[in-house]
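Given next are the chains, with one letter for each unit.
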Amino acid sequence: SVCWLAQVKHPLFSQVIAAAAQGGAPDLVFSVHDEMLQDGIAFGKDVYQAVLMALKQPLPAKGSAVVKGLRQRRASLVSELLVISRNGTVAAGNEVLAACVGAKEWDLGTMALVEMAKRRMAFDMQTYQHAIAILAEKREGPRAVQLLREMEARGFAPRTAEYN
């Protein structure tokens, strides 16, 4: 049990989660993540990346309870992170997007973008940068160009990275 960790600052949780993710222990990652949520401990992209990394672990044989649990966890992850972190603000969305980009989880990044749009979160410069990076990696050029134009129309000046 990791209950004693509830009394420790966020950086220790982040280190424990990162170590568990890198060590291939997704159950421990989810256990510590759930404890952080339960105890109201704030977390950022480092924890999101560790949770995403745990979700990327190779799945055991198809049809097992573990596989079903991991698939359910993946399906609820984006929405959960957007709701919990900073009460669903655009800053929370940006942290989730940054975690998806960092973990190269392009499909989850797309899910986050859709969820942010459903919640009517106004994109800021950072949101557009992450969104364009995700769409570029997914080879969705027309949508990336559309976001680039939207970004310009809202007064955000694209950097060279957005054009590449």
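### With respect to the packing of helix α5 (residues 90-102) against helix α7 (residues 125-137)
Packing of α5 against α7 brings their axes to within 9 Å, and their N-to-C directions diverge by 30°. Relative to α7, α5 is oriented roughly parallel. Judged by the sense of rotation from one axis to the other, the crossing of α5 with α7 is left-handed. From α5, Val90, Asn94, Leu97, Ala98 and Val101 reach across to α7, where they touch Gln126, Thr127, His130 and Ile134. When its residues are assigned to classes, the contact of α5 with α7 shows 5 nonpolar, 4 polar and no charged.

### A look at the pattern of salt bridges
Here the structure, examined in full by the defined rule, presents 3 salt bridges. Between Lys138 and Asp107 there is a salt bridge, with the nearest N and O atoms lying 3.2 Å from each other. With Lys138 in the loop between α7 and α8 (141-153) and Asp107 in helix α6 (residues 106-118), this pair connects stretches of sequence that are 31 residues apart. The exposure class of Lys138 is partly exposed, given its relative accessible area of 26%. Among the residues examined, Asp107 registers a relative accessible area of 51% and is labelled exposed. A salt bridge links Arg149 to Glu152; the shortest N-O distance between them is 3.1 Å. In this pair, Arg149 and Glu152 both sit in helix α8, 3 residues apart, roughly one turn of the helix. Accessibility expressed as a relative area gives 46% for Arg149, which makes it partly exposed. Within this structure, Asp107, Lys138 and Glu140 form a network of salt bridges that share partners.

### With respect to unusual backbone geometry
The backbone of Arg139 sits at a positive phi, close to 65°, despite the residue not being glycine. If you trace the backbone, Arg139 turns up in the loop between α7 and α8.

### Details of the nonpolar core
Among the nonpolar cores identified, the biggest contains 24 residues, and Leu52, Leu97, Phe123, Leu147 and Met151 are the most heavily contacted of them. At the level of elements, α3 (45-55), α5, α6, α7 and α8 are the ones that each hand at least two residues to this core. By residue number, the principal contributor to this core is α7, which donates 6 residues. Counting residues in hydrophobic clusters, the runner-up holds 13 residues, among them Met36, Ile41, Val47 and Ala54.

### Some details on the layout of surface pockets
When its volume is computed, the second largest pocket comes out at roughly 200 Å³. Every residue along the wall of the second largest pocket is listed here: Thr110, Leu113, Val114, Ala117, Met121, Phe123, Ala131, Leu135, Glu140, Arg143, Leu147 and Glu150. Mapped onto the lining of the second largest pocket, the elements with two or more residues apiece are α6, α7 and α8. The class makeup of the residues in the lining of the second largest pocket is 8 nonpolar, 1 polar and 3 charged.

Cut-offs used in this document
- Residues numbered from 1 in each chain as written.
- Predicted model: local features only at pLDDT ≥ 70, side-chain atom pairs only at ≥ 80, totals over all residues.
- Heavy atoms only, no water.
- Axes fitted to C-alpha atoms, helices over the stretch in contact; angles between N-to-C directions.
- Helix = DSSP H or I, 4+ residues; strand = E, 2+ residues; numbered from the N terminus.
- Parallel < 35°, antiparallel > 145°, perpendicular 65-115°, else oblique.
- Left-handed = near helix turned anticlockwise from the far one by under 90°.
- Contact = heavy atoms within 4.5 Å.
- Nonpolar A, V, L, I, M, F, W, Y, C, P; charged D, E, K, R; others polar.
- Salt bridge = Lys/Arg side-chain N within 4 Å of Asp/Glu carboxyl O.
- Buried < 20%, exposed > 50% of the residue type's maximum accessible area, 1.4 Å probe, protein only.
- Core = buried A, V, L, I, M, F, W, Y, C linked by side-chain atoms within 4.5 Å.
- 1 Å grid on protein atoms, 1.4 Å probe; cavity = no way out; pocket = protein on both sides within 12 Å on 5 of 7 lines; lining within 4 Å.
- Points joined across faces, edges and corners; volume = space filled by probe spheres on them.

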